Amino acid sequence: MDKKSKITIGVLIALIIIIVIIVCYRVLVIIPNESTINTYSEQDTNNINSSMQENISENQSVENQVTENQTENETTQNTSTNTQNQSNTQNQVTGKEEQESNQENTGINKEQRAIELAKKAWGENSDAYTFSIDYIEGNIYHVQVISNAQTIGYFDVNMETEQVTEVN
C-alpha cells in the first residue's frame, strides 16, 4: 500500500469512530431524557390545567375584593375630606391681603394678559402664530411673534395702561 491509501484509510476510520460516538451518545443520553420529559399522561395534564384554572379564578376574586376595598376606601376618604373642607371653610377668616391674593390667582396672570393684548394688536390671523414673552422690563412685557420657528415681530405691552406698541 502506498502512502495516500494509508492516509485515506486512517481518515475513514477516524470518521467512523466519531459517528459511532455521536450515535451512542444520542441513543444513551438524549433520547431517554426526551422520553422522561414527555411521559405525562393526559390525566396529569388535565389535573394541571384544572389547578391552573382554580388559581386564576382565585386570583381574580382576590383582585375584585381588593378593587372593591379600594373604591370603598376612596369614597370614605372623599366624604371625610369634603366634610373637613366644609368645616374648614366655615371656620376660616380671611384677611384683606389674602382676599386680594385669591382674586389675583383666580384671574388671568399678567403674562397671559400681555399675550392676549399682543394677539389683539397683531390682528386677524393670530391663531396661526405663536406668541411668547421674550423678557420683562418692569411693567413692560416684550412679546415676540413666532412663525415657523422664526421671530417675525415684537410688541411692547405696558401692563399698567394696557397699551400695546409694535417694535420694529
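As a reminder, the structure under discussion sits directly above these lines.
The sections below set out a description of the structure shown in this document.

So, on to the sheet that holds strand β1 (residues 130-137). Ordered by their spatial adjacency, 4 strands build an open sheet running β1-β2-β3-β4, and the pairing between neighbours is antiparallel. Strands with a single pairing partner mark the edges of an open sheet, and in this sheet they are β1 and β4 (163-167). Here the average twist between neighbouring strands, direction ignored, is 30°. In the sheet, β1 pairs with strand β2 (residues 140-147) via 7 bridges, with the strands oriented antiparallel. What sits directly across from T130, in β2, is I146.

As a further point, take the side chain of H142. Tracing the backbone through its elements, the reader meets H142 in strand β2. Here the side chain of H142 touches D156 through a polar contact of 2.3 Å, side chain to side chain. Sequence-distant contacts of H142, that is, excluding residues within four places in its chain, are made with S132, I133, D134, Y135, E137, F155 and D156.

Looking at the element boundaries, Q144 is found in strand β2. Residue classification places Q144 among the buried residues on the basis of a relative accessible area of 14%. A polar contact is formed between the side chain of Q144 and the side chain of T151, at a distance of 3.4 Å. Beyond its immediate stretch of four places on either side in the chain, Q144 contacts T130, F131, S132, D134, T151, G153 and Y154.

Attention now moves to the packing of aromatic side chains. If you walk through the whole model with that rule in mind, you get 3 aromatic pairs. Relative to Y129, the ring of W122 has its centre 5.2 Å away and its plane inclined at 70°; by these criteria the two rings are edge-to-face. By relative accessible area, which is 26% here, Y129 ends up partly exposed. With a centroid separation of 6.1 Å and 85° between ring planes, the pair formed by W122 and F155 is classed as edge-to-face. Taken together, the positions of W122 in helix α4 (residues 110-122) and F155 in strand β3 (residues 150-158) put the pair 33 residues apart, joining distant regions of the chain. In this structure F155 comes out as buried when scored by relative accessible area, which is 3%. Of the aromatic side chains, those joined through ring pairs into one cluster are W122, Y129, F131 and F155.

With that settled, consider the nonpolar core. Core analysis: the largest hydrophobic core is formed by 11 residues, namely A114, I115, L117, A118, F131, Y141, V143, V145, F155, V157 and M159. Mapped by element, the contributors of at least two residues to this core are α4, β2 and β3. Element by element, the count of residues in this core is highest for α4, at 4 residues. Leaving out residues up to four positions away in the same chain, L117 has contacts with V157, E162 and V164.

This part covers the pattern of salt bridges. Taken as a whole and assessed by the stated rule, the structure comprises 2 salt bridges. For the salt bridge of E116 with R113, the shortest nitrogen-to-oxygen distance reads 3.7 Å. Residue E116 and its partner R113 are located together in helix α4, separated by 3 residues, close to a single helical turn. The partner of E162 in a salt bridge is R113, and the shortest N-O contact between them spans 3.0 Å. Here the residue E162 occupies a position in the loop between β3 and β4, and R113 occupies one in helix α4, the gap between them amounting to 49 residues. The class for E162 is partly exposed, based on a relative accessible area of 38%.

About the thresholds
Residues numbered from 1 in each chain as written. Predicted model: local features only at pLDDT ≥ 70, side-chain atom pairs only at ≥ 80, totals over all residues. Heavy atoms only, no water. Pairing = 2+ DSSP bridges. Helix = DSSP H or I, 4+ residues; strand = E, 2+ residues; numbered from the N terminus. Axes fitted to C-alpha atoms, helices over the stretch in contact; angles between N-to-C directions. Polar contact = N/O pair within 3.5 Å; in protein donor to acceptor, adjacent residues only side chain to side chain. Contact = heavy atoms within 4.5 Å. Buried < 20%, exposed > 50% of the residue type's maximum accessible area, 1.4 Å probe, protein only. Phe/Tyr/Trp six-rings, centres within 6.5 Å; stacked < 30°, edge-to-face > 60°. Core = buried A, V, L, I, M, F, W, Y, C linked by side-chain atoms within 4.5 Å. Salt bridge = Lys/Arg side-chain N within 4 Å of Asp/Glu carboxyl O.

Taken by themselves, the reported measurements are silent on function.
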